Amino acid sequence: LKMQKKEGTQENCLLSTLNAALDKSTKPTGLDGKRPFNSVLVKNPSKYLSQLSLDVQSKEQEEGREIADFCTEVEPLIEVSNRKYHLKTYEKCFVGSEAVSKILEAKVVSSREEAVSKMTELVEAGLVYHVLEEHHFKDGPLFYK
């Protein structure tokens, strides 16, 4: 299966590389369709390809990257510890309302509602969950892992 390519376009460079991977006898070409991919025309191919791959991400990949970026930003802000409730200890968890407050204080979001919305996305992605798996994310005294 060969992909169609247009001479002189950025897509040509990527498609040429993809076609080369599919057909070992084909050498990748540069943007002009003639020069080898690693020629002077493209001085830093890995940088170019990583940027191009960002440009051709699907909507799901883009949403996943946004969730990962948010998670990376807020993880150091949220205090995780062992907590007690009704004589039971819940290990390594955090309080929903405290997390919302910390995220808001750090100006990661502009409102408590936005913080709850973002944390709900983490719950839906399976990255955060209520300790008893009884609630979605709430801005309240509930424990989450």
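Residues numbered from 1 in each chain as written. Predicted model: local features only at pLDDT ≥ 70, side-chain atom pairs only at ≥ 80, totals over all residues. Heavy atoms only, no water.

Caption draft 1: Up close: the overall build of the chain. Looking only at helices and strands, one finds five helices and three strands in the chain. In sequence order, the chain lays out its α and β elements as α-α-α-β-β-α-α-β. Residues classed as buried in the chain amount to 29% of the 145 residues present. Of all intrachain contacts in the chain linking residues separated by at least 6 positions in sequence, the fraction that spans at least 24 positions is 38%. For the chain, the exposed surface amounts to about 10100 Å²; the carbon and sulfur share of it is 53%. (Helix = DSSP H or I, 4+ residues; strand = E, 2+ residues; numbered from the N terminus. Buried < 20%, exposed > 50% of the residue type's maximum accessible area, 1.4 Å probe, protein only. Contact = heavy atoms within 4.5 Å. Areas by Shrake-Rupley, 256 points an atom, 1.4 Å probe, with all protein chains shown as cover.)

Caption draft 2: Just the packing of helix α4 (residues 96-105) against helix α5 (residues 112-124), in detail. For the pair α4 and α5, interaxial distance at closest approach is 9 Å and the crossing angle is 115°. Where α4 crosses over α5, the two elements pack in a sense that is right-handed. Counted together, S97, V100, S101, I103 and L104 of α4 and R112, A115, V116 and M119 of α5 form the full contact between these two elements. Of the residues belonging to the contact of α4 with α5, the class tally is six nonpolar, two polar and one charged. (Axes fitted to C-alpha atoms, helices over the stretch in contact; angles between N-to-C directions. Left-handed = near helix turned anticlockwise from the far one by under 90°. Nonpolar A, V, L, I, M, F, W, Y, C, P; charged D, E, K, R; others polar.)

Caption draft 3: Structural detail: α5. For α5, with 13 residues, the first-to-last C-alpha span of 18 Å sits near the 18 Å given by 1.5 Å per residue. For α5, every residue scored as buried is listed here: A115, V116, M119, T120, L122 and V123. Buried positions in α5, seen along its axis, are confined to an arc of 155° and lie on one side of it. Along α5, the residues that are exposed and aim more than 90 degrees away from the buried face are E113 and E124. In this structure, the buried side of α5 is in contact with α3 (59-74), β2 (88-95) and α4. (Expected span 1.5 Å × (residues − 1). Arc of directions from axis to C-beta.)

Caption draft 4: Just the environment of S81, in detail. Residue position: S81 is located in strand β1 (residues 81-85). Along the chain, S81 and F94 lie 13 residues apart, while their C-alpha atoms are 6.5 Å from each other. Dropping the residues within four chain positions of it, S81 is found in contact with Y90, E91, K92 and C93.

Caption draft 5: Here's a closer look at a negative patch on the surface. A cluster of acidic residues, E60, E62, E63, E66, D69, E73, E121 and E124, forms a negative patch on the protein surface. Of all elements in the fold, only α3 and α5 reach the threshold of two or more residues within the negative patch. Take the negative patch: its biggest share by element is six residues, from α3. (Patch = residues over 30% accessible without salt bridge, like charges linked within 9 Å, V, L, I, M, F, W, Y side chains within 5 Å. Salt bridge = Lys/Arg side-chain N within 4 Å of Asp/Glu carboxyl O. Lys, Arg positive; Asp, Glu negative; His and termini not counted. Charge placed at Lys NZ, Arg CZ, Asp CG, Glu CD.)

Caption draft 6: Molecular detail of the side chain of R83. Along the chain, R83 falls in strand β1. In this structure R83 comes out as buried when scored by relative accessible area, which is 12%. In terms of polar contacts, R83 uses its side chain to reach the backbone carbonyl oxygen of E79, at 2.9 Å. Side-chain polar atoms of R83 contact the backbone oxygen of C93, separated by 3.2 Å. Setting aside chain neighbours within four positions, we find R83 in contact with K88, T89, Y90, C93, F94, V95, E98 and F143. (Polar contact = N/O pair within 3.5 Å; in protein donor to acceptor, adjacent residues only side chain to side chain.)

Caption draft 7: Examining the sheet that holds β2 more closely. The sheet built from three strands is open, its strands ordered β1-β2-β3 with antiparallel pairing. Both edges of this open sheet fall to β1 and β3 (143-144), since each of them pairs with a single strand only. Relative to β2, β1 runs antiparallel, the two sharing four bridges. Of the residues in β2, the one forming a bridge with K84 is T89. α4 rests against β1, β2 and β3 of the sheet, and its axis sits at about 20° to β2. (Pairing = 2+ DSSP bridges.)

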